[in-house]
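Chain and residue survey
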Amino acid sequence: MVARIIELAVYRAQRTLAHEETARRAAQAHEATRFHFWTGASGKRYVHSVYDLVECPPLPAANYVLVRRDSNGRPHALSIGRVTSSVPSLNLAELRHRGAELGANEVHIHLLAENAKVGKLIEFDLRTGQVDTAMSRFAGQAH
């Protein structure tokens, strides 16, 4: 029979380091998915903050993309639009209601439009860009 002496302090230190490394990797993965760039028809890319639909905070007027992330982690845009109320809780209620209707599990928020006019232009650019993307996929499958 073979006996092995284990120093408890060393074992605990190794286990703590392993847990810290796992936590660091999880934080890096979360950070990578915290932001998403959506591309408009113009070719311009718009950075969006990514929130779980249920955990999204109240929002000021902003552009949004309601998203269904599939089992492979790929996001699919379900709806692109803007919330315009000056009351953040009303904007959140609108997003959650619309997201629930569509089966969204994420909401991507773009807060960098300088004013309502620019917000409308961004919304149009993103919507048109997603239509172009969908048509390209459809055309590619037709062959």
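Residues numbered from 1 in each chain as written. Predicted model: local features only at pLDDT ≥ 70, side-chain atom pairs only at ≥ 80, totals over all residues. Heavy atoms only, no water.

Before going further, it helps to examine helix α2 (residues 88-102). Residues separated by three or four positions in an α-helix point in the same direction, a consequence of the helix having 3.6 residues per turn. Between its first and last C-alpha atoms α2 spans 21 Å; for 15 residues at 1.5 Å apiece the expected length is 21 Å, and the two agree. Buried within α2 are the following residues: N91, L92, L95 and G99. For α2, the buried positions fall inside an angular range of 95 degrees around the axis, keeping them on one side. Of the exposed residues in α2, those oriented more than 90 degrees away from the buried face are L90, H97 and A100. Contact partners of the buried residues in α2: β3 (62-69), β4 (75-83) and β5 (106-110). Just past α2, the residue G103 takes up positive phi, approximately 85 degrees. (Helix = DSSP H or I, 4+ residues; strand = E, 2+ residues; numbered from the N terminus. Expected span 1.5 Å × (residues − 1). Buried < 20%, exposed > 50% of the residue type's maximum accessible area, 1.4 Å probe, protein only. Arc of directions from axis to C-beta. Contact = heavy atoms within 4.5 Å.)

Attention now moves to the environment of F37. Mapped onto the fold, F37 is located in strand β1 (residues 35-39). Spatially, the C-alpha atoms of F37 and V47 are 4.5 Å apart, while their sequence positions differ by 10 residues. Apart from residues no more than four positions distant in its own chain, F37 is found in contact with R45, Y46 and V47.

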